[in-house]
Amino acid sequence: PACRSQPVEASLSKPACRSQPVEASAPLASTSSANGAAQKFFALTIFIYTRLFVQYITIIPTAAPTASRHSYAERLRHPMKAREIMTQAVISINEAATVEDAARLLARNRISGLPVVNAEGLLVGLVSEHDLIAKPGRLVGELMTRGVITIGLDTEVEQIQHLLTHQRIRRVPVVEHGKVVGIVSRSDLVRQIAMRWVCGVCGESVRGLEAPSACPSCGAGTSAFVHDVVPPGM
């Protein structure tokens, strides 16, 4: 009976040996599944952040050129007019005034020319420093320049620039119904260039000596604005 019991113990031990791999395989399978899930989560996270980064570096730099092209197209469709840049507080003088009166107005206001009007307030000429120095006469009407070149309120700035350049004049009166309502000088054109700022995000154009603190359209800060140095009228 003792000899017979040995095979029985051996046979009983075999299932115990078989059970060891089964017990060990359960933790290994669980660990492998957890590692796989972690790797998938990590890969998904990297993918999402990569897509977001690519969209950021792709969209943001192209916003400014697109806005700039939009702003340029708007200027082509709606060019600036004389009414937008003219000096409205015009200093004029009556044709019956004396040369001394004209000289005092020029010196006091630091300007080089004056529109001359008649008793009805209609434009009849222009008197300049050159007229006062080079021409004889006691009254403004005797030495003023007649046949003055004038423009209207809706004359485009590009045309004004052409007039001042090719006619070699310093200023041009803006006339409505024969009366002077404004004047555009070379300094007005220069100021118009200096005061133009464009938002690099949305293309909004703002006028001012300094860049605005915020864009009125999109709310972008001062750093978003660039100085628009295109020629006047564009």
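About the cut-offs
- Residues numbered from 1 in each chain as written.
- Predicted model: local features only at pLDDT ≥ 70, side-chain atom pairs only at ≥ 80, totals over all residues.
- Heavy atoms only, no water.
- Pairing = 2+ DSSP bridges.
- Helix = DSSP H or I, 4+ residues; strand = E, 2+ residues; numbered from the N terminus.
- Contact = heavy atoms within 4.5 Å.
- Axes fitted to C-alpha atoms, helices over the stretch in contact; angles between N-to-C directions.
- Core = buried A, V, L, I, M, F, W, Y, C linked by side-chain atoms within 4.5 Å.
- Buried < 20%, exposed > 50% of the residue type's maximum accessible area, 1.4 Å probe, protein only.

> Mind showing me how you'd approach the sheet that holds strand β1 (residues 93–94) here?
Note: strands within a sheet are paired through backbone hydrogen bonds, in either parallel or antiparallel orientation. Taken together, three strands build an open sheet; the order of strands is β1-β2-β3 and the sheet is mixed. Across the chains shown, the open sheet's two edge strands, defined by having one partner strand only, are β1 and β3 (123–128). Set on the sheet, helix α3 (residues 99–109) makes contact with β1, β2 (113–117) and β3; between it and β2 the angle comes to about 135°.

> Looking at this structure, how should I read the nonpolar core?
Nonpolar side chains in soluble globular proteins generally cluster together in the buried interior. Counting residues in hydrophobic clusters, the biggest one holds 14 residues, and the most contacted among them are I85, I151, I160, V172, V174 and V184. For this core, the secondary structure elements donating two or more residues are α2 (82–85), α6 (157–166) and β4 (171–176). In terms of residues, this core owes the most to one element, α6, which gives four residues. Contact partners of V174, with chain neighbours within four places excluded, come to M86, I151, G152, L153, K179, V180, V181, G182, I183 and V184. Counting 13 residues, the second largest nonpolar core, distinct from the first, contains A97, L105, L106 and L132.

> Quick question: what am I supposed to make of the pairing of strand β5 (residues 179–185) here?
The two faces of a sheet get side chains in turn, since along a regular strand they alternate between them. Judged from the six bridges that link them, β4 and β5 form a sheet pairing that is antiparallel. Bridged to V175 within β5 is V180. Between β4 and β5, which pair antiparallel and follow one another directly, the connecting turn spans two residues, one of which, H177, has a positive phi of 55°.

Purely geometric numbers; function is a separate question.
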